[in-house]
Each structure stands twice: as C-alpha cells, then as structure tokens.
Amino acid sequence: MKQKIIWIAIITIGALPFLNSCSTEEINIKEIELTAEDLQHGEELFTEVCTKCHRTSPPQSKKERKSMLAPPIMGVMFHVNDGVKANPENKKQAVIDFIIDYAHNPSAEKSFCEKGAIKRFGVMPSQKENITKEELTLVANYLYEKYPSKNINHQKLQKQMHSN
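Chemist: Is there a simple way to explain the environment of P125 in this structure?
Modeler: As for its position among the elements, P125 is in the loop between α6 (115–121) and α7 (133–146). On the basis of relative accessibility, which here comes to 55%, the residue P125 falls in the exposed class. Once the C-alpha coordinates of P125 and N105 are considered, the two residues, 20 residues apart in sequence, prove to be 8.4 Å apart. Not counting residues within four places of it along the chain, the set of residues in contact with P125 comprises A103 and P106.

What follows is the structure in structure tokens.
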C-alpha cells in the first residue's frame, strides 16, 4: 500500500507541470508507463466511482435495462474508441485524453454516444468533484486496456440489450 501511495505521488508530482499548462479544452497528460498495480488501482477507482452509473455488462432483463443510469461501459468504450480519431501510435493517448476531458467537462457536442443514448440518459454530469485528473489517468488506462472495441460486437450487444 505504501508503494502505491508513493507511486501515485510520483505520478501526480510529475504530471503537475503538464496539468497546470492545460486549458479545460485541451488535456495533455504525458503517457506514463503503467504497472499492473496502476491498472489495478484504475480498476478499483472505476469500480468505486464509475460503476455507480455505468454497468460492466449488458442488462439481462427489462428491469435491469430500465434501472440503468448510463450506458454500459463496453458500449461507451466502443463509441469512444471508434470516435476518437488518431494515428495508431497516438490512439491510446488520444482516447485517454478524451476520457479525462469528457469526465470533467462533458457536453453533447463532445459525446460519441448515439443520439438515443443522450436522449435517454442525458449528458453525463461532470465528475470534477468525484475524481481527479490523475485518478482519471489511471481509470482511462484501465478502460483502454479492458474494453477494446475490436472484441465487441456492438450491434449484437444492442439487440441483446433491447430484447430483454
């Protein structure tokens, strides 16, 4: 635990110059080599903060679907991975930057969600009060590694979700 706190402090201190130079329109946290521990911490933060609204699996019944507060994360990541345009060598960082910016400064104009999702759920509320940019860096890296859109059949998931 002590090592994790030290590592987070190092990441935070190292990222501060970059964070201070960024406007809310452009986030440029440098890509950091993350350890398995960092990804685990990203998963823990995701579970603690994000799963209050975002499910990690499609709903299995109409009751579950009606109780959703936000789209399931695998669908969100499908649209983010598809919507963020960047060269392959810059894709991961571009997705991470988008997630950090969107979580703190969400808007319908920035969203990659389908119009029906925005109509149903609205625009995600800002998470500035719930999670720091440094923590979002860990969450975004975890999401990028855990939810690659190339392994998801989005149309099949949508049909499954709407048939329940």
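That was the structure; now back to the text.
Chemist: How should I be thinking about helix α4 (residues 73–83) in this particular structure?
Modeler: Note: α-helices contain 3.6 residues per turn, so residues at a spacing of three or four share the same orientation. The element α4 is extensively covered by neighbouring structure, given that nine of its eleven residues are classed as buried. When α4 is considered as a whole, its buried residues turn out to be I73, M74, G75, V76, M77, H79, V80, N81 and G83.

Chemist: Whenever I open this one, the packing of α4 against helix α5 (residues 88–104) confuses me. Can you help?
Modeler: Two packed helices can be described by the angle between their axes and the distance between those axes. At a closest axis distance of 10 Å, the pairing of α4 and α5 adopts a crossing angle of 125°. The angle between the axes of α4 and α5 places the two elements in the oblique class. Judged by the sense of rotation from one axis to the other, the crossing of α4 with α5 is right-handed. Along its contact with α4, which presents M77, V80 and N81, the element α5 presents K91, V95, F98 and I99. In terms of residue class, the contact of α4 with α5 is made up of five nonpolar, one polar and one charged.

How each quantity is defined
- Residues numbered from 1 in each chain as written.
- Predicted model: local features only at pLDDT ≥ 70, side-chain atom pairs only at ≥ 80, totals over all residues.
- Heavy atoms only, no water.
- Helix = DSSP H or I, 4+ residues; strand = E, 2+ residues; numbered from the N terminus.
- Buried < 20%, exposed > 50% of the residue type's maximum accessible area, 1.4 Å probe, protein only.
- Contact = heavy atoms within 4.5 Å.
- Axes fitted to C-alpha atoms, helices over the stretch in contact; angles between N-to-C directions.
- Parallel < 35°, antiparallel > 145°, perpendicular 65-115°, else oblique.
- Left-handed = near helix turned anticlockwise from the far one by under 90°.
- Nonpolar A, V, L, I, M, F, W, Y, C, P; charged D, E, K, R; others polar.

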